Amino acid sequence: MIGLVYKSTGSWYTVKTDLGATYLCRIKGKFRLQGIRSTNPIAVGDVVEFELETKNDEETGVIHSIHDRKNYIVRKSVNLSKQTHVIAANIDQVFLLVTIDNPPTFTSFIDRFLVTTEAYSIKTVLLFNKIDAYSKETLDEVRYLAHVYRSIGYECIGISAETGKNVDKVKAMMHGKVSMFAGHSGVGKSTLVNAIEPGLDLKTKEISVQHSQGQHTTTFAEMFDLSFDAKIIDTPGIKGFGVVDMEKEEISDYFPEFFAIKQNCKFNNCLHIEEPKCAIKDAVDKDEIAYSRYRSYVSIIEGEDEHYRTDNYN
Ligand SMILES: Nc1nc2c(ncn2[C@@H]2O[C@H](COP(=O)(O)OP(=O)(O)OP(=O)(O)O)[C@@H](O)[C@H]2O)c(=O)[nH]1
Ligand SMILES: [Zn+2]
């Protein structure tokens, strides 16, 4: 049988088949996942093959294989083993909620987030929320940012989770897909999910990972079926997308608008910082690349804003 993993609680997995039957499954014996050093071989969103077995009148499943993932997101283990924990797999899209104020979302945060989702190969849509509450000047800022990110290729929608403005557009984009929602605390994730599917109570509330010593909180991602053929993966207590380990040389690969331009740099190993005849710096001077994007790029290269890695990903 083939099914989709909806929930994982350590040793047991909730797996649902195409026909909608749900089984509790476990993993048979030693189960290795090629190429991934992770503490958990199977995660929410995985497609698995399993066989049923009956013990004491109870029917459970035994997972014997896992289908290739199109993508997955990880979290570094808290311990020092450097092992990663796969939070979820096969995510079709992530909606990043952005607010201009209350709370502010800085472009440095947006850009770091996008670098991560680019590295993970996950499509990202920017939702500018709370447009009902903005002044004319703030709306201009939304328009400017939407213009910047659209010109790179990211879809942008101005929404109001509170009044319902453009929530239908978000729903239409979710149809037939597995989606996640991300953004700073207070941007309106719960309000939006509630507007999309009233009654679905996600635990999107942020729980600090830096819990006090000895205290052991374990939280698990979970997938939910919505009423209109859409799925949401909820990751309670996980600050979403930790930054992937990257070499300096590869960071520009995750700035899509740099791609065609950087071919014209004098040095093919140009980092676009101090090098002469750098096509990227020229493009910034000519406003062909947004200065805010270049500034984010430089700060990632220079390893600044380290706190974004731990504090601001949620
Ligand atoms: N004016 C306005 N307020 C909104 C909108 N969406 C959310 N809010 C308000 O913003 C506050 C935070 O919303 P939440 O939905 O709790 O935000 P969250 O992202 O889920 O926050 P965490 O659970 O802390 O991660 C609440 O007071 C909401 O009523 C909106 O579109 N317009
Ligand atoms: Zn260059």
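Quick caveat: nothing in here was measured; it's all calculated off a predicted structure. (Residues numbered from 1 in each chain as written. Chains lettered and ligands numbered in written order. Predicted model: local features only at pLDDT ≥ 70, side-chain atom pairs only at ≥ 80, totals over all residues.)

(A) Representation of the overall build of the protein within the structure. A count of helices and strands for the protein gives nine helices and 13 strands. Among the 314 residues that make up the protein, the fraction classed as buried is 34%. A fraction of 63% describes how many contacts in the protein between residues 6 or more apart in sequence connect residues 24 or more apart. (Helix = DSSP H or I, 4+ residues; strand = E, 2+ residues; numbered from the N terminus. Buried ≥ 20, exposed ≤ 12 C-beta atoms within 10 Å, placed from the backbone. Contact = placed C-beta atoms within 7 Å.)

(B) Structural view of the pairing of strand S12 (residues 222-225). As paired elements, S12 and strand S13 (residues 231-234) share four bridges and run antiparallel to each other. Directly across from Phe224, in S13, lies its bridge partner Ile232. The antiparallel pairing of S12 with S13 creates a hairpin that spans five residues between the two strands, and Asp229 there sits at a positive phi of about 55°. (Pairing = 2+ DSSP bridges.)

(C) How the structure looks around the packing of helix H1 (residues 107-120) against helix H8 (residues 291-301). Close contact between H1 and H8 brings their axes to 9 Å; oriented N to C, the two are set at 70°. With respect to H8, the axis of H1 lies roughly perpendicular. In this structure, the crossing between H1 and H8 has a hand that is right-handed. Taking contact as the criterion, the partners of Thr107, Ser108, Asp111, Arg112 and Val115 in H1 are, on H8, Ser292, Arg293, Ser296, Ser299 and Ile300. (Axes fitted to C-alpha atoms, helices over the stretch in contact; angles between N-to-C directions. Parallel < 35°, antiparallel > 145°, perpendicular 65-115°, else oblique. Left-handed = near helix turned anticlockwise from the far one by under 90°.)

(D) A look at the site of ligand 1. Of all residues adjacent to ligand 1, which total 18 residues, the nearest are Glu162, Gly188, Lys189, Ser190 and Thr191. Residue classes in the shell around ligand 1 are distributed as three nonpolar, nine polar and six charged. (Near = placed C-beta within 6 Å. Nonpolar A, V, L, I, M, F, W, Y, C, P; charged D, E, K, R; others polar.)

(E) Region of the structure containing unusual backbone geometry. With an omega of -5°, the peptide bond running from Asn102 to Pro103 counts as cis. Take Pro103: it is sitting in the loop between strand S8 (93-98) and H1. For Lys130, which is not glycine, the phi torsion reads 70° and is therefore positive. Within the secondary structure, Lys130 sits in the loop between strand S9 (123-128) and helix H2 (136-152).

(F) Structural detail: the pairing of S8. Taken across its six residues, S8 has five buried, putting it largely inside the fold. In this structure, S8 lies alongside S9, joined through six bridges in parallel fashion. In the strand pairing of S9, Val94 is matched with Thr124. Crossover S8 to S9 through H1 is right-handed. Two strands pair when backbone bridges link them, and S8 and strand S11 (residues 178-182) are joined in this way by four bridges, in the parallel orientation. (Right-handed = clockwise from strand over helix to strand, strands pointing away.)

(G) A look at the domain arrangement of the protein. Segmenting the protein into domains produces domain 1 (2-73), domain 2 (87-234) and domain 3 (248-310). With 13 residues of domain 1 in contact, the opposing surface of domain 2 contributes 14 residues. Element by element, the count of residues in the side of domain 1 that touches domain 2 is highest for strand S1 (residues 2-8), at three residues. For the side of domain 1 that touches domain 2, the per-class residue count stands at five nonpolar, four polar and four charged. (Domains from an automatic or database assignment.)

(H) Highlighting H1. With 14 residues, H1 should cover 20 Å at 1.5 Å per step; its first-to-last C-alpha distance of 20 Å lies within 8% of that length. Among the residues of H1, those classed as buried are Ile110, Asp111, Arg112, Phe113, Leu114, Val115, Thr116 and Thr117. Residue Ser121 follows H1 closely and has a positive phi angle near 60°. (Expected span 1.5 Å × (residues − 1).)

(I) The environment of Leu139, seen in detail. Among the secondary structure elements, Leu139 is positioned in helix H2. Looking at Leu139, the number of C-beta atoms within 10 Å reads 14, which means it is partly exposed. Sequence separation between Leu139 and Ala230 is 91 residues, and the spatial gap between their C-alpha atoms is 30 Å. If we ignore the near neighbours within four places in the chain, the residues touching Leu139 are Ile131 and Tyr134.

(J) Just the confidence of the model for the protein, in detail. Per-chain confidence: the protein averages 87 in pLDDT, with 83% of residues scoring 70 or above. Predicted confidence is poor over residues 204-218, with pLDDT under 50, and the contacts of this stretch with residues over four places away or in other chains come to 17 contacts. Of the regions scoring below 50 in pLDDT, residues 305-314 engages in 18 contacts with residues more than four places distant in sequence or in other chains. Both scores are available for the predicted complex, with the pTM at 0.89 and the ipTM at 0.98. (pLDDT = per-residue confidence, 0-100.)

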